[in-house]
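# Summary of the model geometry
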Amino acid sequence: MKKVILMMVMCATALSLQAQKFALVDMDYIFKSIPAYERANEQLNQVSKKWQAEVDALQIEAQTLYKNYQNEVVFLSQEQKKTRQDAIMEKEKEAADLKKKYFGPQGELFKKRTALMSPIQEEVYTAVKDIAELRGYQLVLDRASDTGIIFGSPKVDISNEVLSKLGYSN
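Residues numbered from 1 in each chain as written. Predicted model: local features only at pLDDT ≥ 70, side-chain atom pairs only at ≥ 80, totals over all residues. Heavy atoms only, no water.

A few words on the overall build of the chain. Broken down by element type, the chain carries six helices and two strands. Going from the N terminus to the C terminus, the chain shows its helices and strands as α-β-α-α-α-α-β-α. Residues counted as buried form 24% of the 170 residues belonging to the chain. A sequence separation of at least 24 residues applies to 77% of the contacts in the chain between residues at least 6 apart. A total accessible area of about 12200 Å² is found for the chain, and carbon and sulfur atoms account for 57% of it. (Helix = DSSP H or I, 4+ residues; strand = E, 2+ residues; numbered from the N terminus. Buried < 20%, exposed > 50% of the residue type's maximum accessible area, 1.4 Å probe, protein only. Contact = heavy atoms within 4.5 Å. Areas by Shrake-Rupley, 256 points an atom, 1.4 Å probe, with all protein chains shown as cover.)

Residue pairs spaced three or four apart in an α-helix point in one direction, given the helix's 3.6 residues per turn. The set of residues buried in helix 6 (residues 159-166) consists of Ser159, Val162, Leu163 and Leu166. Buried residues of helix 6, viewed axially, fall in a sector of 100°; they line one side. Packed against the buried residues of helix 6 are strand 1 (22-25), helix 2 (27-32) and helix 5 (108-135). A positive backbone phi angle near 95° is found at glycine 167, which sits one or two residues after helix 6. (Arc of directions from axis to C-beta.)

With that out of the way, let us pick up the packing of helix 3 (residues 35-72) against helix 4 (residues 78-103). Between helix 3 and helix 4, the least distance of the axes is 9 Å, while the angle of their chain directions is 165°. Comparing their axes, helix 4 and helix 3 come out roughly antiparallel. For the element pair helix 3 and helix 4, the recorded crossing hand is left-handed. The residue inventory of the contact of helix 3 with helix 4, partitioned by class, reads 13 nonpolar, five polar and nine charged. (Axes fitted to C-alpha atoms, helices over the stretch in contact; angles between N-to-C directions. Parallel < 35°, antiparallel > 145°, perpendicular 65-115°, else oblique. Left-handed = near helix turned anticlockwise from the far one by under 90°. Nonpolar A, V, L, I, M, F, W, Y, C, P; charged D, E, K, R; others polar.)

What follows covers the packing of aromatic side chains. Applying the stated criterion across every chain, the model contains three aromatic pairs. Centre to centre, the rings of phenylalanine 31 and tyrosine 37 are 4.4 Å apart; their planes meet at 20°, and the pair counts as stacked. Exposure class is identical for phenylalanine 31 and tyrosine 37. Each is buried. Ring centres of tryptophan 51 and tyrosine 102 lie 4.5 Å apart, and the angle between their planes is 5°; on these two criteria the pair is classed as stacked. With tryptophan 51 in helix 3 and tyrosine 102 in helix 4, this pair connects stretches of sequence that are 51 residues apart. Each member of the aromatic cluster is reached from another via a ring pair, and the members are Trp51, Tyr102 and Phe103. (Phe/Tyr/Trp six-rings, centres within 6.5 Å; stacked < 30°, edge-to-face > 60°.)

Next up, the structure:
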């Protein structure tokens, strides 16, 4: 009896697996083929470099204050030492706060990236969803992500179809 039940479960599983349709999509390829996404990426890189230069400048100021302090420490009174140490610590804190403001988890770069990239990503995900629903795919995997896909047949890759639906030729 157990063998019959096991055989029925295995047959049902095999039939359900055969009935499912799936597709692969290469999100990296798609995003690199969309000029607006590349422009947004370049804009983010430029802003990031500008902000990093501001942070670096503050850090260099703090280092300079510290080096000057090191050179003059023997000539300073206790009160002057304390004043200089406080100035150094304040400059380091200022640099850390600016770095957090720009690059922190909810920082300006995150907000800018969200504002620039989200509309494009939503458009791509909607196109993928529309194609999946049209073709009856139950599963669409991103071959560019780290999902462990070792091989994917080009026959099931819908990346070019997604680009065509978005109005971009490949």
